[in-house]
Amino acid sequence: MTEASPNTAASAPAQYEKTVMNRAGAWGRVWFQTAFGIDLRTLALFRVNLAFLLLADLVNRAQFLEVFYTDRGAFPRAGAIAYNLPTRLSLHFINGEPWFVIALWVVAALASLLLLVGYRTRLMLAVSWVLLMSIQARNPLVLQAGDQLLVLLCFWGLFLPLGQRFSIDAALRPAGHVARPNAYASVATFAILVQAIYVYVIGALIKTSSVWMPEGTAVYYALHLDTLAMPFAYWLRDLRWLLPWLTYFVYWIELLAALLVFSPIFHLPLRLTTIALLIAMHAGFALSLMIGLFPYISIASLLLFIPGKVWDWLDARLNPRDRREIVMYYDKDCGFCRKVCQILRSFCLTPSNAIRPAQDTPEITPLFHEHQSWVVTRPGHRPLIKWPAVAFILRQSWPLKPLGWLLDRSLLVGPGNAVYRAIGDGRSGIIGQLRTRFWQEREPFYRLSMPMAAIVIALTGAVFWQNLTTLKQIDVAMPSALKDVQASLRLTQRWSMFAPRPLRWARWPRITGRFEDGTMINLWTGEVGAPERQKPKYLVRYLRDYRWRKFFNVVSKEGKTRYLHDVARYYCRKYNRYETGPKRLHRIHFDVISERTRANYAPKRKKRERVLNWNCLAKPK
């Protein structure tokens, strides 16, 4: 036997250590990609959810554009500028007229619609993010945790390839582009997933009151806040045996959320189970409490955790072989026609479906020339042309299936073919040239540059630091300069929903107006006559909307009642703008009704406080 040389013997431990390190590094990379990566199809779902949430937010605010966002309303720009931090700027500060606010609203709605279909995705998301920050800064008194989370999701989404799947951007890739794999991981995916989990883990750590642990009475107090309680909550809060278990469930699922969704052991079952439980929790919130879009925004953030294996499973069941063999044939002399086929494939079919020039396929060419139409073929069936082919392709998409079914009705086939001919006849004119320019081919954003990745890493660390400052368990502070940066980007956050404990006092307004002739009016509801003294059965219906509730909760608090002066002036303008006779609004009385929830279903304590008397006809000082 040959004796090992001293050099070989000495290098053996080093070689072993190197092998172990390589294996550990490989395992770490796999775990990072599995735990903190996001499938491109999941990112596409997130884009669609985000667009719908932005549109829903705009629809909600449309009811209050004048009262909350113009100088004619209850919170003029001067008050908003004084209330905000100097680093929080807003395009809405430029002009306080209704036409300007409506114009910004329209731009935001158009950007959200284009984000929905994935056209210039990153640019549209940037526009939506800027305008969302702007309208939030214009009136911070109506904001809640859902608004905070929505702007954060928009910000982190700027660094993600949201337009790589099921989008116009994906359909307009240059010919011969290299297909990207569905698995995607970067520092941006890490940042947005961790951001989604902060809501739960930090929220649980802030819940330090004994009503959470060990008493288990937090849900009892939350459901008894009648300014939040929906009709379902009135039924649920009578199930005395269930409320402690719901409290423990909410606390522990939030506290353990990070450990469960990022666990390297039993990763897939733990992640799917945890996400399902958290979504169920938010569904309960939506049914029980009037808290606006917050549950739906949270669910959108949780759907980011859907792994690629779920999409693979769905793809195998929703896309059978005959669907994958559908082929679209277009006029090869019409670049616009090819792009339309690419868009239809992106939204309705699969990437494996073929798109071919009709002139290059002998069995299709005669049909193409005879009808001057694109052709769609499917195994075992006759080829489809013109409008019926459009309806058929739309029916292949689950979201668009109802539209495809409707367009395929016999009454619409004739008009549909006329529309098809009109589009075909106009493809070579000025309109066709504009369409071609609008649908220019381009490679959608995919990967971060090194400087952008560095910025994401730095901001991720800053957000982690700032979340630590909200915990009483540790003493951490941030430099003021870093606070200013976070405030300007709306990265500042505090997840204190029902923390450290749910409120015990429910507060709502009673606003009484008196005209010169003595007639009374309930200014809150607009009903003539003195407001009812009796509490409504369901207070949330009286309060109408969570933004109104939030607004009056803020302006009626001690130290903030100066903002009620602007509210009083708003009502005076509303009723006296065109009135000069005896029907002018003369006096306004602002009362705040408060009700305290007591333990063990004891009767609530109620009190009324007059916070402002206002004379509309007095000369301003």
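One can find the structure itself at the top, above this paragraph.
Residues numbered from 1 in each chain as written. Predicted model: local features only at pLDDT ≥ 70, side-chain atom pairs only at ≥ 80, totals over all residues. Heavy atoms only, no water.

### Side note on the packing of helix 7 (residues 145–157) against helix 15 (residues 294–302)
For step 1, the next point in the chain: With their axes 8 Å apart at the nearest point, helix 7 and helix 15 run at an angle of 30° to one another. One way to sum up the angle between helix 7 and helix 15 is to call them roughly parallel. Seen from above, helix 7 lies across helix 15 with left-handed handedness. Residue-level contacts link Ala-145, Gly-146, Leu-149, Leu-150 and Leu-153 of helix 7 to Phe-294, Ile-297, Ser-298 and Ser-301 of helix 15.
For step 2, the next point in the chain: When its residues are assigned to classes, the contact of helix 7 with helix 15 shows six nonpolar, three polar and no charged. (Axes fitted to C-alpha atoms, helices over the stretch in contact; angles between N-to-C directions. Helix = DSSP H or I, 4+ residues; strand = E, 2+ residues; numbered from the N terminus. Parallel < 35°, antiparallel > 145°, perpendicular 65-115°, else oblique. Left-handed = near helix turned anticlockwise from the far one by under 90°. Contact = heavy atoms within 4.5 Å. Nonpolar A, V, L, I, M, F, W, Y, C, P; charged D, E, K, R; others polar.)

### Let's talk about the state of the cysteines
For step 1, the next point in the chain: Across all of its chains, the model carries one disulfide by this definition.
For step 2, the next point in the chain: No disulfide involves Cys-341; its nearest neighbouring cysteine sulfur is the one of Cys-337, lying 7.2 Å away.
For step 3, the next point in the chain: Look at Cys-341 and you get buried, because its relative accessible area is 2%. (Disulfide = S-S within 2.5 Å. Buried < 20%, exposed > 50% of the residue type's maximum accessible area, 1.4 Å probe, protein only.)

### Side note on the pairing of strand 8 (residues 585–596)
A regular strand places its side chains so that they alternate between the two faces of the sheet.
For step 1, the next point in the chain: Counting buried residues in strand 8 gives nine out of twelve residues, a clear majority hidden from the surface.
For step 2, the next point in the chain: Pairing analysis gives eleven bridges linking strand 5 (residues 505–515) to strand 8, with the strands arranged antiparallel. What sits directly across from Thr-512, in strand 8, is His-589.
For step 3, the next point in the chain: Alignment of strand 8 against strand 9 (residues 605–615), held across ten bridges, turns out to be antiparallel. Bridge pairing in strand 9 places Asp-591 opposite Arg-610. (Pairing = 2+ DSSP bridges.)

### Considerations on the side chain of Asp-169
For step 1, the next point in the chain: Turning to its location among the elements, Asp-169 is positioned in helix 8 (residues 168–171).
For step 2, the next point in the chain: Separated by 2.8 Å, the side chain of Asp-169 and the backbone nitrogen of Arg-120 make a polar contact.
For step 3, the next point in the chain: Apart from residues no more than four positions distant in its own chain, Asp-169 is found in contact with Gly-118, Tyr-119, Arg-120, Thr-121, Gly-163, Arg-442 and Pro-444. (Polar contact = N/O pair within 3.5 Å; in protein donor to acceptor, adjacent residues only side chain to side chain.)

### A few points about the pairing of strand 1 (residues 327–330)
For step 1, the next point in the chain: Burial along strand 1 is two-sided: the face carrying Val-327 and Tyr-329 and the face carrying Met-328 and Tyr-330 are both buried.
For step 2, the next point in the chain: As paired elements, strand 1 and strand 2 (residues 354–357) share four bridges and run parallel to each other. The partner of Tyr-329 across the bridge, within strand 2, is Arg-356.
For step 3, the next point in the chain: At this point the chain moves from strand 1, through helix 18 (residues 335–348), to the parallel strand 2, and the crossover so formed is right-handed. (Right-handed = clockwise from strand over helix to strand, strands pointing away.)

### Considerations on the side chain of His-282
For step 1, the next point in the chain: Mapped onto the secondary structure, His-282 falls in helix 14 (residues 267–288).
For step 2, the next point in the chain: Overall, His-282 belongs to the buried group, its relative accessible area being 1%.
For step 3, the next point in the chain: Looking at His-282, its side chain comes within polar contact range of the side chain of Tyr-200, at 2.7 Å.
For step 4, the next point in the chain: In this view, His-282 contacts Tyr-200, Phe-294, Pro-295, Ser-298, Ile-299 and Leu-302; residues no more than four positions away in its chain are not counted.

### Let's talk about the pattern of salt bridges
For step 1, the next point in the chain: Summed over all chains, the structure comprises 23 salt bridges.
For step 2, the next point in the chain: Linking Asp-312 and Arg-41 is a salt bridge whose minimum nitrogen-to-oxygen distance equals 3.0 Å. Residue Asp-312 is located in helix 16 (residues 308–318), and its partner Arg-41 is located in helix 2 (residues 40–62); the two are separated by 271 residues in the primary sequence.
For step 3, the next point in the chain: Classification of Asp-312 as partly exposed rests on a relative accessible area of 43%.
For step 4, the next point in the chain: On the basis of relative accessible area, Arg-41 is assigned to the buried category, the value being 11%.
For step 5, the next point in the chain: Close ionic contact of Glu-254 with Lys-207 constitutes a salt bridge, the shortest N to O distance being 3.1 Å. On the criterion of sequence distance, the pair formed by Glu-254 in helix 12 (residues 243–255) and Lys-207 in the loop between helix 9 (187–206) and helix 10 (218–223) is long-range, its members being 47 residues apart. Both residues of the pair, Glu-254 and Lys-207, belong to the buried class.
For step 6, the next point in the chain: Overlapping salt bridges bring together Asp-226, Arg-237, Lys-535, Glu-595 and Lys-604 as one network. (Salt bridge = Lys/Arg side-chain N within 4 Å of Asp/Glu carboxyl O.)

### Some thoughts on the sheet that holds strand 9
Two modes of strand pairing occur in sheets, parallel and antiparallel, and in both the strands are linked by backbone hydrogen bonds.
For step 1, the next point in the chain: Spatial ordering of the open sheet is given by 7-6-5-8-9, a layout of five strands whose pairing is antiparallel. Two strands bound the open sheet, and with one partner strand each, they are strand 7 (527–528) and strand 9.
For step 2, the next point in the chain: Packed onto the sheet, helix 28 (residues 562–576) meets strand 5, strand 6 (520–522), strand 8 and strand 9 and runs at close to 135° relative to strand 8.

### What to know about a nonpolar patch on the surface
For step 1, the next point in the chain: A contiguous nonpolar patch, built from Leu-403, Trp-405, Leu-406, Leu-411 and Leu-412 and spanning about 520 Å² of accessible area, is present on the exposed surface.
For step 2, the next point in the chain: Going through the elements one at a time, helix 21 (401–407) and helix 22 (410–425) are the ones with two or more residues in the nonpolar patch.
For step 3, the next point in the chain: Of note, Leu-403 is situated in helix 21.
For step 4, the next point in the chain: A residue is classified by how much of its surface remains accessible, and Leu-403, at 40% relative accessible area, is partly exposed. (Patch = residues over 30% accessible without salt bridge, like charges linked within 9 Å, V, L, I, M, F, W, Y side chains within 5 Å. Areas by Shrake-Rupley, 256 points an atom, 1.4 Å probe, with all protein chains shown as cover.)

### A few points about the packing of aromatic side chains
For step 1, the next point in the chain: Within the structure shown, the criterion is met by 34 aromatic pairs.
For step 2, the next point in the chain: When the centroid spacing of 5.0 Å and the interplanar angle of 85° are considered together, the rings of Tyr-234 and Tyr-538 count as edge-to-face. In this pair, Tyr-234 is assigned in helix 11 (residues 231–236) and Tyr-538 in the loop between strand 7 and helix 26 (539–543), connecting sequence segments 304 residues apart.
For step 3, the next point in the chain: Classification of Tyr-234 by relative accessible area gives buried; the value is 16%.
For step 4, the next point in the chain: Classification of Tyr-538 by relative accessible area gives buried; the value is 19%.
For step 5, the next point in the chain: Positioned above the aromatic ring of Phe-445, the side-chain terminus of Arg-122 is 3.9 Å from the ring centre.
For step 6, the next point in the chain: Directly above the aromatic system of Tyr-234 lies the positively charged group of Arg-237, at a separation of 4.1 Å from the ring centroid. (Phe/Tyr/Trp six-rings, centres within 6.5 Å; stacked < 30°, edge-to-face > 60°. Lys NZ or Arg CZ within 6 Å of the ring centre and 35° of its normal.)

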